[in-house]
Amino acid sequence: MKHALSSLEKLGVIWVYLCRRAKLWFRFKISFIFSFVAMFVTIAIFYFINVFVGEIPEYGNYFAFVLIGLAINQYMQTTLSIYLGTMRSMYWSNWLEIILTSPMRLKTFFSSVMTWTYLYATMNVAFYFIIGIFVFGAKFTFPATAWIVIPILILLIISLSGIGLISASMFMLANAKGDIEPIGWGVATISGLVAGVYFPPKYLPAPVQLISKILPQTYAIDAIRRILLNGEGISSPSIQLTIVYLIAFSIILLPIGMFMFNAGIRKAEKEGTLARWM
Amino acid sequence: MNPIEIENITKKYRISKGFNWKKNLKQLLKMEKPDYLTALNKVSFSVKKGEIFGILGPNGAGKTTLIKILAGLLLPEEGKAAINNHDLIKDREKVRTSVNILMSGGWIIFDYKLSIYNNLKFWSVAEGLRLSEVKKRIEEVLKIVGLEDKKDDFPENLSAGLRQKMNLARCLLSDRPIYLLDEPTSNVDPYSSEFIRKFIKEMKKDGKTVVLATHNLWEAELLCDRIAILNRGSILVLDETRAIKERIGKEILTVELEKITPELVRDVSSFGFVEKVIEEKNILKIYGNIKRNIPVVIDLCRKYTNIIGVDMKESSLNDVFLQLITEKEKAMVMK
């Protein structure tokens, strides 16, 4: 009888979960093929939009600009939806109760789900760039300091995880068990408009630009573009400022998210709503 | 100390009747108290090591609530409990990993597009089995539940009985001292039910402590050492199965006669050992402490008419259960 898993056993759980998801992914062959077709079509649409948009001041070619936006959007949407999505699926399939009675615990399970989901998102991003560069001829600058994109992405994921966890906590705290949970859905939807995924936020009306300034993704998207399109590095003040902003967002949002998520689980334990059917 | 000790456990559920702005706002401003349903009311008992303890009750009696509290998945409002010497509130994680819980429809955790083996593989590592041990353990548990030739089958192609066996296999992946079984044979065919019952007996032989929540009284009578009968969240009676039947159960003498006269019914009813007489066409059902007094009753009947047949039986747990529940409901109506 084990009460908790060792680090090695936790890695075993993550590995078996990855294999399990990969098996399921390949099993749905049509869905597998069409997900790539859909990505290809999306890239093609933006390529043709680029034909008449052309250059964007500060960033250059629109196609390369939007490819970066789409790539970061993959990570943004994943982070905002992964916690609520996992919570919802555990609730409806009764996994939550079984996980809680196993020595695996929720943290290891979430780590497994996140490892798979971010690997999947990274594969999509790689596909965007491969098709964008080799089929549609997108051009990027990869300066020696391009590695700084990775910590910026990680900080973005950490800060958005706070919002994702708050969104997931609403599932239990506010009984938001429908298809849409207002907080996560709101941030994800507004991000597409104001965070600069498809166009620079400076073209938005001034009051809407204020919203863009309170979202961590606005800073991350801008910084990654500056690195990959303009060749800026860690020495650039705007990149340094972005890192400071993202650390600040992470420090504020993540503890709030974790606190609310745990409060949601505690509420479900009191109300008997850890599972839907049993 | 016993593996399960619970004392004065009370659990209430808030009743939700859909969203109502006015009502919800009043409750939020503490102007109105929400409606609560008492699922468990000061329930206390202990279960000994190696014992099969039955929780019986009609639908909505509080059986599943009690099972979930024992598993550490639901927090009670009042009372205290120790499961495998771990405090239910303070050491909840240790409580959860001390019990194996089997729910009647628990197989929904299985992914329908993965084989039984691949489904069990994830739950094996979740239980802390090393990757090198997984295959052997899965094969062992599949053999125990009789699914060794179905390991590559998909859950969607299995019958309800086989799915419950698959669920049982998941439950057996880890060796824990306490098993909480919630309606383990519901929706399962008689053959598979018999298999599960044999299996529960084996658990007892292995020294496992089993709590069995069921409304199958025959099954409880067959398996359980002790039984608690639960109704509307309260324990009506708790004792050894045999003792409950002896204490509350009745002996029933059924006498088929050529004809029944009011005088015969009156005279039979006048015996001190007879509690109740029911007349059905030409059959008399006589309840009470009958077994030792059969000759007296037969002699009396012969005085009035010819006897066609005689049958004697002790009331089953089913009769006891119905009697108790009916008495409780009557008392509630009187109140």
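The model shown is predicted, which means the values in this text are computed figures rather than measured ones. Starting from 1, residues in each chain are numbered consecutively following that chain's sequence as written. Each chain is given a letter, starting from A, and each ligand a number, starting from 1, according to the order in which they appear as written. Given that the model is predicted, a residue must reach a pLDDT of at least 70 before its local features are reported, and side-chain atom pairs must reach 80 or more before they are shown or counted; all residues, however, enter totals for whole chains, interfaces and linings. Hydrogens and waters are ignored; side-chain quantities use all the structure's heavy atoms.

Undergrad: Help me out: how do you make sense of the overall build of chain A in this one?
TA: In this description a helix means any DSSP run of H or I spanning at least four residues, a strand means any run of E spanning at least two, and both kinds are numbered starting from the N terminus. When you go through chain A residue by residue, the secondary structure sums to 10 helices and 2 strands. Moving toward the C terminus, one meets the helices and strands of chain A in the order α-α-β-β-α-α-α-α-α-α-α-α. The C-alpha radius of gyration of chain A comes to 20 Å, within 12% of the 19 Å expected for a compact globule of 278 residues. Expressed as lengths along the three principal axes of its C-alpha atoms, the size of chain A is roughly 60 × 45 × 35 Å. The buried label goes to any residue with under 20% of its type's maximum accessible area, the exposed label to any with over 50%, and the partly exposed label to all in between, with areas taken from a 1.4 Å probe on protein chains only. By residue count, 54% of the 278 residues in chain A fall in the buried class. Using C-alpha atoms as the atom set, the radius of gyration is obtained and then compared with a globule rule of 2.2 Å times the number of residues to the power 0.38.

Undergrad: Please explain the pattern of salt bridges as it appears in this structure.
TA: Any two side chains of opposite charge can pair, given that their charged atoms come close. For this analysis, a salt bridge means a side-chain nitrogen from Lys or Arg found within 4 Å of a carboxyl oxygen belonging to Asp or Glu. For the coordinates displayed, the defined rule picks out 24 salt bridges over all chains. The residue E140(B) makes a salt bridge to R137(B) at a minimum N-O spacing of 2.8 Å. Here E140(B) and its partner R137(B) are both found in helix α5 (residues 131–144), 3 residues apart, which amounts to about one turn of the helix. The class of E140(B) is partly exposed, set by a relative accessible area of 33%. Taken together, the salt bridges that share partners define one network made up of E58(A), K202(A), D222(A), R226(A) and E232(A).

Undergrad: Help me understand the domain arrangement of chain B in this model?
TA: Many structure descriptions define interface size as the accessible area lost when the parts assemble. Domain extents, as shown, originate in an automatic or database domain assignment. Per the domain assignment, the segments of chain B are domain 1 (4–246) and domain 2 (250–314). When each unit is reduced to the centre of its C-alpha atoms, the spacing between domain 1 of chain B and domain 2 of chain B is 44 Å.

Undergrad: It is not clear to me how the packing of aromatic side chains should be interpreted in this structure. Could you clarify?
TA: Remark: the centre distance and the inter-plane angle together describe each pair of aromatic rings, the angle taken between the planes. Paired rings are identified among Phe, Tyr and Trp, the last through its six-membered ring, by centres lying within 6.5 Å, and are further divided according to the angle between planes into stacked (under 30 degrees), edge-to-face (over 60) and tilted (the rest). For the structure shown, the criterion picks out 33 aromatic pairs over all chains. Taking the centre distance of 5.2 Å and the plane angle of 55° together, the rings of W25(A) and F26(A) count as tilted. Classification of W25(A) as buried rests on a relative accessible area of 18%. Arranged with centres 4.9 Å apart and planes meeting at 40°, the rings of Y47(A) and F136(A) form a pair that is tilted. Here Y47(A), found in helix α2 (residues 29–53), pairs with F136(A), found in the loop between α5 (105–135) and α6 (149–173); they are 89 residues apart in sequence, far enough to count as distant. Take Y47(A): its relative accessible area is 26%, and that puts it in the partly exposed class. In textbook terms, an aromatic cluster arises when at least three aromatic residues are bridged by ring pairs, as seen for W25(A), F26(A), F32(A), F36(A), W116(A), Y120(A) and F127(A). The ring of F65(A) has R225(A) sitting right over it, with the charged end atom 3.4 Å from the ring centre. Note on geometry: a ring has a charge over it if NZ (lysine) or CZ (arginine) is within 6 Å of the ring centre and within 35 degrees of the ring normal. Sitting above the plane of the F195(B) ring, K165(B) keeps its charged end 4.5 Å from the centroid.

Undergrad: Explain the sheet that holds strand β5 (residues 86–87) of chain B here, please?
TA: Working definition: the strands of a sheet are paired by backbone hydrogen bonds and lie parallel or antiparallel to each other. All names here are of chain B. Strand pairing is assigned whenever DSSP identifies at least 2 bridges connecting the two strands. Strand order in the open sheet made by the 4 strands is β2-β1-β4-β5, with antiparallel pairing throughout. The open sheet is flanked by β2 (36–47) and β5, the only strands paired with a single partner. Both strand β1 (residues 4–14) and strand β4 (residues 78–83) contribute to a ladder of 5 bridges, which runs antiparallel. Looking across to β4, one finds that T10 is bridged to E78.

Undergrad: Even after reading the chapter, I still don't get the nonpolar core, so can you show me in this structure?
TA: Nonpolar side chains tend toward joint burial in soluble globular proteins. Only buried residues count toward a nonpolar core. Its members are Ala, Val, Leu, Ile, Met, Phe, Trp, Tyr and Cys residues joined through side-chain atoms within 4.5 Å. Core analysis: the largest hydrophobic core is formed by 173 residues, its most contacted members being I152(A), F122(B) and W123(B). By residue number, the principal contributor to this core is helix α3 (residues 62–93) of chain A, which donates 19 residues. Counting 15 residues, the second-largest nonpolar core is a separate cluster that includes I260(B), L284(B), I290(B) and C301(B).

Undergrad: I tried to follow the environment of N73(A) on my own but got confused; where do I start?
TA: Residues and elements named next belong to chain A. Position of N73 relative to the elements: it lies in helix α3. As a C-alpha pair, N73 and K213 span 140 residues in sequence and 17 Å in three-dimensional space. Once residues within four sequence positions are removed from consideration, N73 is found in contact with V197 and Y198. Throughout, a contact is declared for two residues whenever any of their heavy atoms are within 4.5 Å.

Undergrad: I keep staring at the sheet that holds strand β12 (residues 274–280) of chain B and nothing clicks. Help me out?
TA: Residues and elements named next belong to chain B. The sheet built from 4 strands is open, its strands ordered β12-β13-β11-β14 with antiparallel pairing. Of all strands in the sheet, those with a lone pairing partner are β12 and β14 (307–314), marking the two edges. The average undirected angle you get between the axes of adjacent strands in this sheet is 15°. Angles run from 0 to 180 degrees between N-to-C directions of axes, and those axes are lines fitted to C-alpha atoms, restricted for helices to the stretch in contact. Along the sheet face, helix α10 (residues 262–269) touches β11 (251–257), β12 and β13 (283–288) and points at about 160° away from the line of β12.

Undergrad: Just checking my understanding: could you explain α2(A) for this structure?
TA: Along an α-helix, residues three or four apart share an orientation, since each turn contains 3.6 residues. Residue and element names in this part refer to chain A. Under the 1.5 Å per step criterion, the end-to-end length of α2 is 36 Å for 25 residues, consistent within 8% with the ideal 36 Å. All of the buried residues in α2 are F36, M39, I43, A44, F46 and N50. Where α2 is buried, its residues contact α1 (7–27), β2 (60–61), α3 and α5. Looking one or two places after α2, you find G54, whose phi comes out positive at around 75°. The length a helix should cover is 1.5 Å for every residue beyond the first.

Undergrad: Where do I start with the interface of chain A and chain B in this structure?
TA: The interface is formed by 36 residues belonging to chain A together with 40 residues belonging to chain B. Surface buried jointly by chain A and chain B totals about 3,500 Å² across both partners, of which 64% is contributed by carbon and sulfur atoms. Counting across the chain A and chain B interface gives 4 salt bridges. In this structure, the salt-bridge partner of E269(A) is R92(B), at a minimum N-O distance of 2.6 Å. In the analysis that follows, any N or O atom pair within 3.5 Å is treated as a polar contact, provided that within protein one partner can donate a hydrogen and the other can accept it, and provided that, for residues neighboring in sequence, both atoms belong to side chains. Where chain A packs against chain B, one counts 11 residue pairs in polar contact (both at pLDDT 80 or more). Of all elements in the fold, only α1, α3, α4 (95–100), α5 and α10 (237–271) of chain A reach the threshold of two or more residues within the side of chain A that touches chain B. Here the quantity called buried area is the total loss of accessible area, with a 1.4 Å probe, experienced by two parts when brought into contact, counted for both.

Undergrad: It is not clear to me how the packing of α3(A) against helix α9 (residues 216–230) of chain A should be interpreted in this structure. Could you clarify?
TA: Axes are the key here: two packed helices are described by the angle between their axes and the distance separating the axes. All names here are of chain A. Following both chains from N to C, one finds α3 and α9 inclined at 135°, their axes separated by 10 Å at the closest point. Taken together, the axis directions place α3 and α9 in an arrangement best described as oblique. The two elements α3 and α9 meet at a crossing, and its hand is right-handed. For the pair α3 and α9, contact is made by A64, F65, V66, I68, G69, I72 and M76 and by Q217, I221, I224, R225, L228 and L229, respectively. Each residue is assigned to one of three groups, with Ala, Val, Leu, Ile, Met, Phe, Trp, Tyr, Cys and Pro labelled nonpolar, Asp, Glu, Lys and Arg labelled charged, and all others, Gly among them, labelled polar. Counted by class, the contact of α3 with α9 contains 10 nonpolar, 2 polar and 1 charged residues. Geometric relationships in this document are graded by angle, where less than 35 degrees denotes roughly parallel, more than 145 denotes roughly antiparallel, 65 to 115 denotes roughly perpendicular, and other angles denote oblique. Less than a right angle of anticlockwise turn of the near helix away from the far helix marks a crossing as left-handed, whereas a clockwise turn marks it as right-handed.

Undergrad: Please clarify how the state of the cysteines should be interpreted in this entry.
TA: Simply put, disulfide is the name for a covalent bond between the sulfur atoms of two cysteines. All names here are of chain B. Put simply, a disulfide is two cysteine sulfurs that come within 2.5 Å. A complete count under the given rule lists 0 disulfides over all chains for this structure. Sulfur of C171: no disulfide; nearest cysteine sulfur belongs to C224 and is 16 Å away. Given the relative accessible area of 1%, C171 is considered buried.

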